[in-house]
Amino acid sequence: MTYSGLPKQTNRYPSTALFSHNSLDEESVTGIPLSANMSAKPFEKKYESPVDDEEDVAEPQVKEVQSRKDRLTGSVHFGDNDFDVEDEFGDATWEEVCRTCCCHSPQEWGLIFLAIMLVVFLLYFFLFGLELLSSGAKVMSGCKAGSLFGDDSNPIAGLMIGVLATALLQSSSTTTSIIVSLVGDTLSVSQAIYMVMGCNIGTTITNTIVAIGQMGDGDQLERAFAGATVHDMFNFMTVAVLLPLEVATGYLDALTGAMVKNASLSEGESWEGPVKKFVAPLGNRIIIANKKVTNSIAQGTATCDEFYPNECVGTPTYKSCGGSFGLIACEKDGNFCPAFFSASATAKDDKVSGGVVFFIGIMILFTCLLGIVSVLQKLLMGMSTRIVYKATDVNGYVAIAIGCGITMLVQSSSITTSTLTPLVGMGALRLEQMFPLTLGANIGTTITGITAAMVADTIDALQVALAHLFFNVTGIVIFYPVPFMRAIPLYAARQLGRATRVWRGFPFLYIAVAFMLIPVFFLGLSALFEEQTKGFRVLGAFIVVVLVLVLLYITYWCVYLNGREKCSTCMMQRERKRMAIKDLPDDMDYLKARVAALTDHTGLVLGDNDEDNDNGEEEHLVDENEKHEDEEVDDEAVDA
């Protein structure tokens, strides 16, 4: 029976992913659903065997389909060797989605339930790793981040301070709260707006770090890094447009100033999301960052060393220590101190503890990420991408609302984007679907800041929070509704993802340059112009001129001197060397196996060691001597 007359896409009811994709049934090959009286195993024994019934007859071995080229329908399934999310093979129907998701046996439902519970368990500790990552960063760099803030009227300096502080603290919420607390006393509203723009950029470092966790697979790393950096590209481009506009016109300052002109604040408590309520208690048992240290240093009322030593009486608790701590604090409500708290610790000791917790958080993060990706891959293995993409394909504006709602629920845009990044890496979520979700996450985190500012002490805090909101809203209006503008950040993110294919170490270089070197350079450059000494200003002007000339030369080199190709070739050579060293043992085993196969085919005798070689040479010499002796005997016989 042949199916050559079937249309190209007849795989309307693909087999369920976790269970039946390995058994090659007629439905998975042809796309024709099985009837009730049809067997799922078309190769079962249907004829009487001529041999004795007691003898077992081996069933034919069925080759597992792992490529769309081997399917009559040409559909792409998760787990294929040639899996590519860019390939399109038509749209599925909601009937197919429902059949694939809901039609399972009781045993399959049990396995699905266990897999979901495992994902929830791993997701909890994934969020716990993010909590430790954030707390460790705050302890490790709290003093340094606090010293960055100051009354600086330079917009570039304010932008770079926001980027650096958020990258060091691993929390835009913490940075924004510090900025809000400084408005009116140390900072003006306009300067705070520039810092909030920097916070928007700095918060994207977290999901970029999460993308590195999929470095073991080149395809997954490329997709995950593109999914993480699409958030970066949107924020970079929005800042590139709105920063000059704000400097020239004061657009955000004037708009939000008019909105809060007659506003009134109410007393109350800020709302804490349910994720924080579940994750924070466990994290507080490990380490608690004392935000008062960073705030006090930023306000200029204290230095880092003034918070030490801790004065505790007896067993360290919140009450026995008098509520006064260094970089690591104790829990007030539970009246306990975390595991990394030490009453005799110095600032250096607490910074070391923060670094240790930061490292532990990264390890937990990557371990749980690997587990989540593995379980989800098992769930999706063999499932047609048409089914998954149909189930996740929602209108872009609806996706923005979903991202906003999730972020308001979890109280962190980093949690939202970091959780979605692995899905992009494994191919379950396309980059075009990730983009609006990250835009919604940007909106959600600003609404959280607005609700917190509503119960603050000053109107300026509410104005800064509204400026943060309208900064993101304006960016969305510029870069999302028009397809041409929407394609710009998507194209930039894809190019960065492809760079990881050329060189696997590119994500580390990207993080170091984008979030550390460039902000530090421009912050130092702006500091030269703030000095009253004419020599520093001249030096700053000279550096600017040199920088412009360098950028012009780089542009000329890339466009007219094949600079892009040369850079790409250099990175490819580095990646080839790395892969050659990595694959060298396997290549040697392969060559040995091929040599052995060639030896068996040609009949050549190759010794395994020197003794075998010597024995082979001796046998060869004996054979030659015997041959010469036979020839001499034949010659003598001829002469006779």
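Here the structure is a predicted model, which is why all the values come from computation and not from measurement.

A. Quick peek at the side chain of Thr438. Structurally, Thr438 is set in helix H16 (residues 431–453). A relative accessible area of 1% means that Thr438 is categorised as buried. In contact with Thr438, other than residues within four places in its own chain, are His231 and Thr417.

B. Highlighting the state of the cysteines. Enumeration according to the criterion identifies three disulfides in this entry. The disulfide bridge from Cys143 ends at Cys304, spanning 2.0 Å between sulfur atoms. Judged by the sign of its S-S torsion, about 45°, the bond between Cys143 and Cys304 is right-handed. Taken as a pair, Cys143 in helix H3 (residues 106–148) and Cys304 in the loop between helix H11 (291–299) and helix H12 (347–380) lie far apart in primary sequence, 161 residues in all. Like Cys304, Cys143 is buried.

C. Representation of the packing of helix H7 (residues 205–212) against helix H15 (residues 413–426) in the model. Their axes nearest at 8 Å, the elements H7 and H15 cross at an angle of 25°. Judged on the interaxial angle alone, H15 and H7 are roughly parallel. Along this stretch, H7 crosses H15, giving a crossing that reads as right-handed. Residue-level inspection shows Thr206, Asn207, Val210 and Ala211 of H7 in contact with H15, the latter providing Ser414, Thr417, Ser418, Thr421 and Pro422.

D. How the structure looks around the confidence of the model for the protein. The predicted model of the protein has a mean per-residue pLDDT of 75, with 73% of residues at 70 or higher. Note that residues 1–62 has pLDDT below 50 and, in this model, 85 contacts with residues that lie over four places away or in other chains.

E. Structural context of the environment of Thr346. Relative to the helices and strands, Thr346 is located in the loop between H11 and H12. For Thr346, a relative accessible area of 39% puts it in the partly exposed group. Along the sequence, Thr346 and Phe307 sit 39 residues apart, while their C-alpha atoms lie 9.2 Å from each other.

F. Geometry of the packing of aromatic side chains. A full pass over the atoms with the stated rule returns 15 aromatic pairs. Centroid distance Tyr124 to Phe125: 5.3 Å. Interplanar angle 85°. Geometry classified as edge-to-face. A residue is classified by how much of its surface remains accessible, and Phe125, at 27% relative accessible area, is partly exposed. For the ring pair Tyr318 and Phe325, a centre distance of 5.6 Å and an interplane angle of 45° mean the geometry is tilted. Assigned by exposure class, Tyr318 and Phe325 land together as buried. Linked through ring pairs, Phe234, Tyr397, Phe435, Phe479 and Tyr480 together constitute an aromatic cluster.

G. Broad picture of the environment of Phe325. Topologically, Phe325 is positioned in the loop between H11 and H12. For Phe325, a relative accessible area of 4% puts it in the buried group. Taking the C-alpha atoms as reference, Phe325 lies 8.8 Å from Val293; in sequence the two are 32 residues apart. When sequence neighbours within four positions are dropped, the list of residues in contact with Phe325 reads Asn290, Phe307, Asn310, Thr317, Tyr318, Cys330 and Phe341.

H. Spotlight on a nonpolar patch on the surface. On the surface, Phe536, Leu539, Phe542, Val546, Val550, Leu551, Tyr553, Ile554, Tyr556, Val559, Tyr560 and Leu561 cluster together into a nonpolar patch covering about 1,200 Å² of accessible area. Examined against the element boundaries, Val559 turns out to sit in helix H20 (residues 534–560). Residue classification places Val559 among the exposed residues on the basis of a relative accessible area of 53%.

I. How the structure looks around the packing of helix H5 (residues 172–182) against H11. The geometry of H5 relative to H11 is characterised by a closest axis approach of 10 Å and an angle of 40° between their N-to-C directions. One way to sum up the angle between H5 and H11 is to call them oblique. For the pair H5 and H11, the crossing hand works out as right-handed. Note on element contacts: H11 touches H5 through Lys291, Thr294, Asn295, Ala298 and Gln299, opposite Thr174, Ile178, Ser181 and Leu182. Here the contact of H5 with H11 is composed, by residue class, of three nonpolar, five polar and one charged.

J. Molecular detail of the nonpolar core. With 84 residues, the main nonpolar core has Phe149, Ile179, Met197, Phe506 and Tyr510 as its most contacted residues. Among the elements that make up this core, the one with the highest residue count is helix H8 (residues 218–249) (11 residues). Excluding residues within four positions of it along the chain, Met197 makes contact with Leu159, Val239, Leu242, Leu243, Glu246, Leu252 and Phe471. Membership of the second largest hydrophobic core comes to 48 residues, among which are Ile287, Cys321, Phe325 and Ala329.

K. The arrangement of H7 in detail. For H7, the buried fraction is high: eight of the eight residues fall into the buried class. The complete set of buried residues in H7 reads Ile205, Thr206, Asn207, Thr208, Ile209, Val210, Ala211 and Ile212.

L. Highlighting the side chain of Thr203. Summarising the element assignment, Thr203 is placed in the loop between helix H6 (189–202) and H7. Residues in contact with Thr203, not counting those within four places in the same chain, are Thr166, Ser172, Ser413 and Ser414.

M. Inspection of the pattern of salt bridges at higher detail. Evaluation of the coordinates by the stated rule reveals three salt bridges. The shortest N-O distance in the salt bridge between Asp219 and Arg501 comes to 2.1 Å. You can see Asp219 sitting in helix H8 and its partner Arg501 sitting in helix H18 (residues 483–502), a full 282 residues away along the chain. Take Asp219: its relative accessible area is 33%, and that puts it in the partly exposed class. Salt bridges here are not isolated pairs; linked through shared partners, they connect Asp219, Glu222 and Arg501.

What counts, and at which threshold
- Residues numbered from 1 in each chain as written.
- Predicted model: local features only at pLDDT ≥ 70, side-chain atom pairs only at ≥ 80, totals over all residues.
- Heavy atoms only, no water.
- Helix = DSSP H or I, 4+ residues; strand = E, 2+ residues; numbered from the N terminus.
- Buried < 20%, exposed > 50% of the residue type's maximum accessible area, 1.4 Å probe, protein only.
- Contact = heavy atoms within 4.5 Å.
- Disulfide = S-S within 2.5 Å.
- Axes fitted to C-alpha atoms, helices over the stretch in contact; angles between N-to-C directions.
- Parallel < 35°, antiparallel > 145°, perpendicular 65-115°, else oblique.
- Left-handed = near helix turned anticlockwise from the far one by under 90°.
- pLDDT = per-residue confidence, 0-100.
- Phe/Tyr/Trp six-rings, centres within 6.5 Å; stacked < 30°, edge-to-face > 60°.
- Patch = residues over 30% accessible without salt bridge, like charges linked within 9 Å, V, L, I, M, F, W, Y side chains within 5 Å.
- Areas by Shrake-Rupley, 256 points an atom, 1.4 Å probe, with all protein chains shown as cover.
- Salt bridge = Lys/Arg side-chain N within 4 Å of Asp/Glu carboxyl O.
- Nonpolar A, V, L, I, M, F, W, Y, C, P; charged D, E, K, R; others polar.
- Core = buried A, V, L, I, M, F, W, Y, C linked by side-chain atoms within 4.5 Å.

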